[in-house]
Amino acid sequence: MSTSFFDRQLGINLGLTFLSSAIILFCIKTTPTIHLPYFITPALAAGLGFLEPRRGWMLAIVQAVVIWLGYMIFVPTPDGPADRDIENFGLYGSMILTFVGSFIGGLLKRALDRG
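In this text the structure is predicted, and so the values were computed from the model without any measurement.

Peer 1: Even after reading the chapter, I still don't get the UniProt feature "transmembrane region" (unreviewed entry) in the protein chain, so can you show me in this structure?
Peer 2: If you check UniProt for "transmembrane region" (unreviewed entry), the listed places come out as residues 12-28, 58-77 and 89-108 in our numbering. Across residues 12-28, helical content stands at 100% and strand content at 0%; the span's end C-alpha atoms are separated by 25 Å.

Peer 1: What should I look at first to understand the packing of helix H1 (residues 8-30) against helix H4 (residues 81-114) in this one?
Peer 2: Any two packed helices are characterised by how steeply their axes cross, that is the angle between the axes, and by the distance between the axes. With their axes 9 Å apart at the nearest point, H1 and H4 run at an angle of 155° to one another. Overall, the two elements H1 and H4 adopt an arrangement that is roughly antiparallel. When you trace H1 past H4, the crossing you get is right-handed. Every residue of H4 that contacts H1 at Ile24, Ile28 and Lys29 is listed here: Glu87, Gly90, Leu91 and Ser94. Considering only residue class, the contact of H1 with H4 consists of three nonpolar, two polar and two charged.

Rules and cut-offs
- Residues numbered from 1 in each chain as written.
- Predicted model: local features only at pLDDT ≥ 70, side-chain atom pairs only at ≥ 80, totals over all residues.
- Heavy atoms only, no water.
- UniProt positions renumbered as here; feature names shortened; annotations may be inferred.
- Helix = DSSP H or I, 4+ residues; strand = E, 2+ residues; numbered from the N terminus.
- Axes fitted to C-alpha atoms, helices over the stretch in contact; angles between N-to-C directions.
- Parallel < 35°, antiparallel > 145°, perpendicular 65-115°, else oblique.
- Left-handed = near helix turned anticlockwise from the far one by under 90°.
- Contact = heavy atoms within 4.5 Å.
- Nonpolar A, V, L, I, M, F, W, Y, C, P; charged D, E, K, R; others polar.

Take a look at the structure:
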C-alpha cells in the first residue's frame, strides 16, 4: 500500500511545528540567559520527532528555518552587544538542538513501537 508523503497528519504536525517555533523564539527573545531556550528547544523537538518518527527530519528542518527566519524578520535586534550575542548564541544553538531533539524523539517512538 502506497501512502503519500504529505498527508493530513503531516499538515497537523507542521502546524505544531510553527507553534513550537514561536514558543522557542519567545524564549530566545525574553530570557536574559541561554538556559531556557536550550531546555525548551530539545523538549519541543523531541515531541515533534515522537509525533513523526519517520518524517521528523523534515519537521526539524522546517522548525530550524522558521526559527531563523522569524528571528531575522520579526524580532527586533537588541541594542547592546552582550544581549545580541546571547540571543545569537541561543538562536543558533536552538537550531542545532532542534535536530538532536527530533532525532531522539524519533528513536524513542520507534523503540516504543517495537516494544
